[in-house]
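# Architecture and fold: a report
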Amino acid sequence: MSDRAVLHVKGRVLAGPEDVRDELWVVDGRVSYDRPAGAGDIRTVEGWTLPGLVDAHCHVGLGPHGPVDAATAEKQALTDREAGTLLIRDAGSPSDTRWVDDRDDLPKIIRAGRHIARTRRYIRNFAHEIEPADLVAHVAQEARRGDGWVKLVGDWIDRDLGDLAPSWPRDAVEAAIAEAHRLGARVTAHCFAESSLTDLVEAGIDCVEHATGLTEDLIPLFASRGVAIVPTLVNIATFPDLAAGGEARFPRWSAHMRRLYERRYDTVRAAYDAGIPVYVGTDAGGSLAHGLVAAEVAELVTAGIPPLDALSATSWAARAWLGRPGLEEGAPADLVVYESDPRADVRVLASPRRVVLNGQVVQ
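Procedures and definitions
- Residues numbered from 1 in each chain as written.
- Predicted model: local features only at pLDDT ≥ 70, side-chain atom pairs only at ≥ 80, totals over all residues.
- Heavy atoms only, no water.
- Axes fitted to C-alpha atoms, helices over the stretch in contact; angles between N-to-C directions.
- Helix = DSSP H or I, 4+ residues; strand = E, 2+ residues; numbered from the N terminus.
- Parallel < 35°, antiparallel > 145°, perpendicular 65-115°, else oblique.
- Left-handed = near helix turned anticlockwise from the far one by under 90°.
- Contact = heavy atoms within 4.5 Å.
- Nonpolar A, V, L, I, M, F, W, Y, C, P; charged D, E, K, R; others polar.
- Buried < 20%, exposed > 50% of the residue type's maximum accessible area, 1.4 Å probe, protein only.
- Polar contact = N/O pair within 3.5 Å; in protein donor to acceptor, adjacent residues only side chain to side chain.
- Salt bridge = Lys/Arg side-chain N within 4 Å of Asp/Glu carboxyl O.

### Observations regarding the packing of helix α2 (residues 135-145) against helix α3 (residues 170-182)
- Look at α2 against α3: their axes get within 9 Å of each other, and the N-to-C directions meet at 25 degrees. Here α3 runs roughly parallel to α2, going by the angle between their axes. As α2 packs across α3, the resulting crossing turns out to be right-handed. Residues Leu135, Val136, Val139, Ala140 and Arg144 of α2 form the contact with α3, whose participating residues are Ala172, Val173, Ala175, Ala176, Glu179, Ala180 and Arg182.
- Here the residues of the contact of α2 with α3 are counted per class, giving nine nonpolar, no polar and three charged.

Written as structure tokens, this is what we have:
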């Protein structure tokens, strides 16, 4: 073997929640736990190492008014990278971000295509806005465009009702989810309210975003079906301001949003206690800043999820759920190094010491 540059990662390598190793090597961009023969230039990085963090609800290429240009999308992705987020499940974007896949210095993206919403029942310029008769066809289209996921808008404000209401009739979501599954895609849905959840879960949905409407009577249904939630608590923190802004026109909706906000931590903790899978997502994009993954992990801990499990929700468990490797032998070397043990204090995640993506130290 000829001499070649390698990266030596020393200290504590957290290959799993309890799988702690003393070192790993990065050779040809991949993880190895065996010292390579014939290593030439060796660069050493030392600290507490995690797999690259996961933001399971993020929007690259989306701004407050819809799609953004490539330069803005690049800045979004770089901001996430600087926070240690190296794997993104893009939960709906109107922009074509396939060019990111050609960049070894940007986070890996698992796309859910573009949001699919009911006509005039979502944020303008974000989604395909359609009627139920067209739902199956659009789900099939986005399943083919995405990377194994499709994103529905499960509920939104109904202006005639003056409150949150389901977007789709039961038969439409049953047919749409069945079509996505036939095409090999999983389905997730934006849901704030209580009323949309039963139909979606019984129709076979795989995940619910936000899930603020998850109530005690619905928790057993989620748990029995294995439906995951991505609470996006850093986004739910905006509910009081949203409620204040809509108070004059939609007082019923505003009061509802405040109730959902006030019980947000209890909702997440009850879901966790029931065994519902909970994953980290920030809802970055649109109006929310990128790079908030550490803040979301801290919010899960505030909600009562044990720190180790909150950490797993953005690392080991999240990667397994999305079908991507962590720090296994031969895996792409996507990792983040910290000064101290993030299992002891998740606030450490806010200050990465080094970020390694595809085997290259990028920060």
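### Regarding α2
- Looking only at α2, the buried set comprises Leu135, His138, Val139, Ala140, Glu142 and Ala143.
- Check the buried side of α2 and you find it contacts β10 (116-118), β11 (128-130), β12 (149-153) and α3.

### Some points on unusual backbone geometry
- For His210, which is not glycine, the phi torsion reads 75 degrees and is therefore positive.
- Assignment of secondary structure puts His210 in strand β16 (residues 207-210).
- Classification of His210 by relative accessible area gives buried; the value is 4%.
- The residue Asn358 is not glycine, and still its phi comes out positive at about 55 degrees.
- With respect to the helices, strands and loops of the structure, Asn358 is situated in the loop between β19 (354-357) and β20 (360-361).
- Note on Asn358: relative accessible area 22%, which makes it partly exposed.

### A look at the side chain of His59
- Locating His59 in the fold gives a position in the loop between β5 (53-58) and β6 (62-63).
- In this structure the side chain of His59 is engaged in a polar contact, spanning 3.1 Å, whose partner is the side chain of His57.
- Within polar-contact distance, the side chain of His59 engages the side chain of Asp283 at 2.9 Å.
- Those residues in contact with His59, other than ones at most four positions away along the chain, are Gln76, Asp90, Ala91, Gly92, His115, Lys151, Asp283, Ala284, Gly285 and His290.

### Some thoughts on the pattern of salt bridges
- Throughout the structure, instances matching the rule amount to 23 salt bridges.
- The partner of Glu174 in a salt bridge is Arg170, with the nearest N and O atoms 2.7 Å apart. Of this pair, Glu174 and Arg170 both sit in helix α3, separated by four residues, roughly a single helical turn.
- Take Arg170: its relative accessible area is 28%, and that puts it in the partly exposed class.
- The closest approach of N and O atoms between Arg182 and Glu179, which form a salt bridge, is 2.9 Å. Of the two residues, Arg182 and Glu179 are both situated in helix α3; the distance of three residues between them amounts to about one turn of the helix.
- Residues joined in a network through salt bridges with shared partners are Arg98, Asp101, Arg111 and Asp147.

Coordinates in, geometry out; function isn't part of it.
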